[in-house]
Amino acid sequence: MSGSLTPPVQLGEPRPDPKPAAECDICQALVNERQLAEARGDKSKVVDLNIELRNHHKHEGQR
């Protein structure tokens, strides 16, 4: 090892939570589950649910 350090990782601002598609029961269920995960401090689950909401077919064009 040369003893030199690598530069720190630069992170951007977190993305805002995706909004549910209007009148979509699946989106609403995902939002409810996300709220429960937030309440118990499960950030990993919150991220997973946000990804699922963004990829949900009703969100095409709304990202």
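## Notes on the side chain of arginine 54
In this structure, arginine 54 sits in helix α2 (residues 43–55). For the buried arginine 54, no salt bridge exists, and the shortest N-O distance to an oppositely charged side chain is 5.7 Å, to aspartate 17. Among the polar contacts made by the side chain of arginine 54, one reaches the main-chain carbonyl oxygen of proline 16 at a distance of 2.7 Å.

## Looking at the nonpolar core
In terms of nonpolar packing, the biggest core is built from 7 residues, these being Ala21, Cys24, Cys27, Leu30, Val31, Leu49 and Leu53. Only α1 (25–39) and α2 provide two or more residues apiece to this core.

## Focus on the environment of proline 18
In this fold, proline 18 is placed in the segment before α1. Taking relative accessible area as the criterion, proline 18 reaches 10% and is therefore assigned buried. Distance in space between the C-alpha atoms of proline 18 and asparagine 55 is 10.0 Å, their sequence separation being 37 residues. Dropping the residues within four chain positions of it, proline 18 is found in contact with Arg34, Asn50, Leu53 and Arg54.

## As for the environment of cysteine 27
Position of cysteine 27 among the secondary structure elements: in helix α1. Considering only alpha carbons, one finds cysteine 27 and leucine 53, 26 residues apart in sequence, at a separation of 6.5 Å.

## Focus on α1
Taking 1.5 Å as the rise per residue, α1 with 15 residues should run 21 Å; its terminal C-alpha atoms sit 21 Å apart, in good agreement. Among the residues making up α1, those that are buried are Cys27, Leu30, Val31, Arg34 and Ala37. Looking straight down α1, one finds its buried side chains confined to an arc of 120 degrees; they lie on one side. Among the exposed residues of α1, those pointing more than 90 degrees away from its buried face are Asp25, Leu36 and Ala39. Buried residues in α1 make contact with α2.

What counts and what doesn't
Residues numbered from 1 in each chain as written. Predicted model: local features only at pLDDT ≥ 70, side-chain atom pairs only at ≥ 80, totals over all residues. Heavy atoms only, no water. Helix = DSSP H or I, 4+ residues; strand = E, 2+ residues; numbered from the N terminus. Buried < 20%, exposed > 50% of the residue type's maximum accessible area, 1.4 Å probe, protein only. Lys, Arg positive; Asp, Glu negative; His and termini not counted. Salt bridge = Lys/Arg side-chain N within 4 Å of Asp/Glu carboxyl O. Polar contact = N/O pair within 3.5 Å; in protein donor to acceptor, adjacent residues only side chain to side chain. Core = buried A, V, L, I, M, F, W, Y, C linked by side-chain atoms within 4.5 Å. Contact = heavy atoms within 4.5 Å. Expected span 1.5 Å × (residues − 1). Arc of directions from axis to C-beta.

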